[in-house]
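Results of the structural survey
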Amino acid sequence: MQNLREHIGQSIMETEETRPLTIKNKEKMYKVLIIPLELCHYNEKNGRISTYISQYLSSGNEIQKGDIEAYNKVLEEFIYQSNPNALEKTKKNISLLGQLEPGVVLNDGRIIDGNRRFTALRKLKAEGEGDIFFKAILLDQSEGIDAKDIKKLELQLQHGKEKPIEYNPIDNLVDIYQDIIENKLFSIEEYSNYVNKSVSDVKKMVKRAVLMNQFLEYINAEKQYYIARDWEFDTILQDMLTIIERQIKGIDVITILENKDDKQDVQEYMSIRDTLFTVALTGRMQKTHDLSRNMRDIGRHVINSDEKEDFLEDLEDQVEDIYETLHEYDQVDLETLSKVSKEIDEAQQEVLQKGEEYIESGRQKDVQTKPVTIMNKVIKDMEKLDMVQLKHMDDETEQDFLTHYKKLETEMKKIAEALRV
């Protein structure tokens with residue numbers, strides 16, 4: 001493993017520029033260095049490219065650092081793909097003005113802040129723009145900086161800016177899942193402080209991240225995060241989460257499967273979740289127009305109605321058939337899913353058809369029962385009236401009240417005429 005400190009004063013030069021960093025809750029001024037590009041390498045754990053890494057690995061490739069330049073070329077393409085417009089803008093700015101904001105590099109050459117700037121510099125050098133170096137602060141891990149400190153600093157630097165460049169929503173969910181659930185680096189409360197978001201917002205993201213992982217496991221594509229990215233599943237995950245939380249009050253999808261005491265809640269969760277997973281999978285494979293709206297309609301008109309149990313029972317065979325077919329393979333990817341989709345086409349068509357039928361039936365019932373819903377609301381509001389207060393209104397308020405009362409009388413007559421009573 002290389003030690004960049006050994007190169008200071010030789011190929012790495014110090015500048016007069018400094019930058020403050022807060023590590024272990026202590027702020028310190030660090031010197032900015034000028035580092036040759038070939039001494040630096042990307043961080044494969046960078047949250048912005050987590051889905052691209054998963055796709056690369058799923059194709060049978062390996063991330064190896066034996067040849068740093070070959071390693072850098074692979075990850076450079078991922079950085080570019082994650083946001084081409086932002087990369088081109090950064091590249092243009094550096095070409096015109098130079099690198100204004102220094103990055104942060106560990107003593108082994110791993111970049112923990114400045115991957116996009118490093119990529120822009122690499123591309124400019126490849127285009128022949130002369131001697132190009134990476135301006136960065138060097139952090140020495142031998143000084144007690146651990147994995148949590150590094151990740152905490154990365155979050156603060158990338159999310160603490162006034163206008164941070166946003167992650168792809170799914171990459172963000174993967175990053176959160178790995179930091180909070182998988183590696184347990186942070187609690188939800190800690191994480192919220194580092195990314196400048198409320199605890200409730202971070203918890204919602206963790207729930208979506210957990211649901212995403214459960215969905216990928218359900219379709220036998222565990223950790224194939226690029227599938228959720230390519231399918232733009234962030235909104236769909238929120239739709240499913242909303243449906244589940246409305247049906248099972250007080251549920252926490254983060255811990256529900258660990259709940260050994262309330263088997264009824266777990267069973268209901270699994271039944272609703274697996275059906276929604278099947279609807280979501282079928283919708284994407286069959287290219288359903290506006291899948292998010294379709295999912296919300298199922299929640300509003302079917303799951304949140306007295307037809308819920310019939311719907312879940314009616315789709316039980318299709319849910320089981322699709323699940324079992326997917327799990328006949330060692331693991332599926334997008335290519336395998338296209339193949340499997342043909343095998344389960346009949347079951348998928350039944351899922352779509354039954355979903356449409358139940359949604360339409362629910363809509364009709366909603367229309368039929370809407371007058372009752374409105375009347376119930378009116379009655380509840382009327383019951384709030386304090387009859388004693390009515391006797392002590394001033395003249396102006398009483399007149400205003402009587403005006404509304406007469407309008408109510410008129411509306412009640414219209415209702416009586418419509419009902420012929």
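Coordinates for the structure precede this section.
Residues numbered from 1 in each chain as written. Predicted model: local features only at pLDDT ≥ 70, side-chain atom pairs only at ≥ 80, totals over all residues. Heavy atoms only, no water.

Below, the discussion takes up helix 4 (residues 115-126). Each α-helix winds once per 3.6 residues, and so residues spaced three or four apart point in a common direction. With 12 residues, helix 4 ought to run about 16 Å at 1.5 Å a step, and its terminal C-alpha atoms sit 16 Å apart, in line with that. A large share of helix 4 lies buried, amounting to 10 of its 12 residues. Within the sequence span of helix 4, burial applies to Asn 115, Arg 116, Arg 117, Phe 118, Thr 119, Ala 120, Leu 121, Arg 122, Lys 123 and Leu 124. Buried residues in helix 4 make contact with helix 2 (68-82), helix 3 (84-97), strand 3 (103-106), strand 4 (111-113) and strand 5 (133-139). Gly 128 occupies a position one or two residues after helix 4 and carries a positive phi of about 85 degrees. (Helix = DSSP H or I, 4+ residues; strand = E, 2+ residues; numbered from the N terminus. Expected span 1.5 Å × (residues − 1). Buried < 20%, exposed > 50% of the residue type's maximum accessible area, 1.4 Å probe, protein only. Contact = heavy atoms within 4.5 Å.)

A separate point is the environment of Leu 173. Locating Leu 173 in the fold gives a position in helix 6 (residues 169-182). Sequence separation between Leu 173 and Leu 139 is 34 residues; the distance between their C-alpha atoms is 28 Å. Look past the residues within four positions of Leu 173 in its chain and what remains in contact with it is Met 205, Arg 208, Ala 209, Met 212, Asp 234 and Leu 237.

Moving on, we get to the nonpolar core. One broad trend across soluble globular proteins is that nonpolar side chains are buried collectively. Counting 69 residues, the largest nonpolar core has Met 212, Ile 219, Met 240, Leu 281 and Leu 337 as its most contacted members. With 10 residues, the single largest contributor to this core is helix 8 (residues 199-218). Apart from residues lying up to four places away in sequence, Leu 337 is in contact with Ile 219, Ile 227, Trp 231, Leu 281, Met 285, Leu 326 and Val 332. Judged by nonpolar contacts, the second largest core, of 26 residues, contains Ile 35, Cys 40, Tyr 52 and Leu 124. (Core = buried A, V, L, I, M, F, W, Y, C linked by side-chain atoms within 4.5 Å.)

Here the structure, examined in full by the defined rule, presents 13 aromatic pairs. Considering the side-chain rings of Tyr 218 and Tyr 323, the 5.2 Å spacing of their centres and the 40 degrees angle between planes classify their relative orientation as tilted. One end of the pair, Tyr 218, is in helix 8; the other, Tyr 323, is in helix 14 (residues 316-326), and 105 residues separate them in sequence. Using a relative accessible area of 4% as the deciding quantity, one classes Tyr 218 as buried. (Phe/Tyr/Trp six-rings, centres within 6.5 Å; stacked < 30°, edge-to-face > 60°.)

To continue, consider the environment of Glu 396. You can see Glu 396 is positioned in helix 18 (residues 395-419). Distance from Glu 396 to Lys 414, taken between C-alpha atoms, is 28 Å for residues 18 residues apart in sequence.

Here we take up a negative patch on the surface. On the surface, Asp 310, Glu 313, Glu 316, Asp 317, Glu 320, Asp 321, Glu 324, Glu 328 and Glu 343 cluster together to form a negatively charged patch. Secondary-structure elements contributing two or more residues to the negative patch are helix 13 (308-314) and helix 14. Of all the elements, helix 14 adds the most residues to the negative patch, at five residues. Residue position: Glu 320 is located in helix 14. (Patch = residues over 30% accessible without salt bridge, like charges linked within 9 Å, V, L, I, M, F, W, Y side chains within 5 Å. Areas by Shrake-Rupley, 256 points an atom, 1.4 Å probe, with all protein chains shown as cover. Salt bridge = Lys/Arg side-chain N within 4 Å of Asp/Glu carboxyl O. Lys, Arg positive; Asp, Glu negative; His and termini not counted. Charge placed at Lys NZ, Arg CZ, Asp CG, Glu CD.)

For the rest of this paragraph, the subject is helix 1 (residues 50-58). What helix 1 keeps buried is the set Ser 50, Thr 51, Tyr 52, Ile 53 and Ser 54. Against the buried residues of helix 1 lie helix 2, helix 6 and helix 9 (225-230). Looking one or two places after helix 1, you find Gly 60, whose phi comes out positive at around 90 degrees.

All chains considered together, the criterion is met by 33 salt bridges. The closest approach of N and O atoms between Arg 19 and Glu 101, which form a salt bridge, is 3.6 Å. Within this pair, whereas Arg 19 is found in strand 1 (residues 13-23), its partner Glu 101 is found in the loop between helix 3 and strand 3, the two being separated by 82 residues in sequence. Note that Glu 190 and Lys 148 form a salt bridge whose closest N and O atoms lie 3.3 Å from each other. Residue Glu 190 is found in helix 7 (residues 188-195), and its partner Lys 148 is found in helix 5 (residues 147-159); the two are separated by 42 residues along the sequence. Judged by relative accessible area, which is 27%, Glu 190 ranks as partly exposed.

Function cannot be read off these values alone, since they describe shape.
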